[in-house]
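Chain and residue survey
What follows is each chain in one-letter form.
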Amino acid sequence: MRGLKIIFWTLWRVWFYVLMTIPILLMFPFLVLSIVTESGYPYFFKMARIWAKFILFGMGFYYKIDKNQELESNKSYMIVANHTSMVDIMLMLATIKNPFVFVGKKELSKIPLFGFFYKRTCILVDRNCSKSKMGVFNRAQKRINQGLSICIFPEGGVPEDESVLLDTFKDGAFRLAIEHKIPIVPITFADNKKRFSYTFFSGSPGFMRVKIHSHIETLGKTGENRKEMREEVRDIIYSQLEEFERTGDQNKFAF
C-alpha cells in the first residue's frame, strides 16, 4: 500500500507542474501583451485567476469561502494570510476578485515559464537584503496609487516544521498598510498544508476552507501601532485555525 501511495504522490506532484504550464502556454501571447504596460495588469490578473482555478480544479481541490465582509471594488487593501503551501498562491487568486499584487520572495522567479511572469508582475523581495526590503515600500506605493491591492504572507515563508500551526509575523505588511492608510484583510487558509504541503510524499485531492475576516482599518494609526496590529491580525488567524482544527476538514479523499 505504501508503494502505491508513493507512485500516486510522485505522479500527482508532476501533474501539478504540468497544470501550471498548460494555461500559461495557451494564454502566452495574451499574457505577454497584458504586461507590456502597467495599465494592462488588471487584464493579466483576470488571466491569472483562470490559471489558478484551472490548477485547483485539475488537482482535485474544491474550496468553500466564508466571508465576514466583502471587499469593495476600486479600493485598495492589504491582504494577509497564513502560508503553508505552494497552492496558497492559487487559492488566493481564486478567492479575491479585486486585482492585487503579490509581494514575494525572489527565489520563485527561477521557476521556468512561471518565473518569467512572476518577476514582471509581483513585487520581489530579497529577505537577506535590507535595501531590497526598503524598495518594496516604493513599489507598493506605486501599485496602490494605481488602485491595486497588495498581498503578503506575513510569516515571511513557509515554516520548515510542519507541526507549527502559525509562525510569528513580520512587520512589513503592517508598516505598509499604516503608511498607505489602507485596510488590512486577514484571511485564513485551513487545509492547504494537508492538501499540498512542501513534503513531497504527502497530500491528496479534497476540500479547502477559506475564511475572509472583517477588515481592520488603519486610519489614524501610526508606526507605533504596528506591532499591536500585527499581533491582532495574527490572533485572528490563529484562533480561526484552531477552530478549523476542532471542526475537521470534511475531506473524503485524504490518504
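Residues numbered from 1 in each chain as written. Predicted model: local features only at pLDDT ≥ 70, side-chain atom pairs only at ≥ 80, totals over all residues. Heavy atoms only, no water.

**Comments concerning the packing of aromatic side chains**
Given two aromatic rings, one states the distance between the centres and the angle between the planes to describe the pair. Throughout the structure, instances matching the rule amount to 19 aromatic pairs. Plain terms: the ring middles of F16 and Y17 are 5.3 Å apart, the flat faces sit at 80° to each other, and that makes the pair edge-to-face. For F16, a relative accessible area of 0% corresponds to the buried category. Classification of Y17 as partly exposed rests on a relative accessible area of 41%. Centroid distance F100 to F102: 4.9 Å. Interplanar angle 85°. Geometry classified as edge-to-face. Through a chain of ring-to-ring contacts, three or more aromatic side chains come together here, namely F28, Y41, F44, F45, F100, F102, F116, F117 and F153. In this structure, R13 is placed above the aromatic ring of F200, and the distance from its NZ or CZ to the ring centre is 5.8 Å. (Phe/Tyr/Trp six-rings, centres within 6.5 Å; stacked < 30°, edge-to-face > 60°. Buried < 20%, exposed > 50% of the residue type's maximum accessible area, 1.4 Å probe, protein only. Lys NZ or Arg CZ within 6 Å of the ring centre and 35° of its normal.)

**Focus: a nonpolar patch on the surface**
Nonpolar side chains collect at one region of the surface, where V14, W15, V18, I22, L26 and F54 lie side by side and expose about 520 Å² of accessible area between them. Ranked by residue count, the leading element in the nonpolar patch is helix α1 (residues 2–34), at five residues. Examined against the element boundaries, I22 turns out to sit in helix α1. (Patch = residues over 30% accessible without salt bridge, like charges linked within 9 Å, V, L, I, M, F, W, Y side chains within 5 Å. Areas by Shrake-Rupley, 256 points an atom, 1.4 Å probe, with all protein chains shown as cover. Salt bridge = Lys/Arg side-chain N within 4 Å of Asp/Glu carboxyl O. Helix = DSSP H or I, 4+ residues; strand = E, 2+ residues; numbered from the N terminus.)

**Some words on the packing of α1 against helix α4 (residues 114–121)**
For the pair α1 and α4, interaxial distance at closest approach is 10 Å and the crossing angle is 50°. Put simply, α1 runs oblique to α4. Taken together, the residues of α4 that come into contact with α1 (itself represented by M20, I24, F28, L31 and V32) are F114, F116 and F117. Partitioned by chemical class, the residues of the contact of α1 with α4 number eight nonpolar, no polar and no charged. (Axes fitted to C-alpha atoms, helices over the stretch in contact; angles between N-to-C directions. Parallel < 35°, antiparallel > 145°, perpendicular 65-115°, else oblique. Contact = heavy atoms within 4.5 Å. Nonpolar A, V, L, I, M, F, W, Y, C, P; charged D, E, K, R; others polar.)

Taken by themselves, the reported measurements are silent on function.
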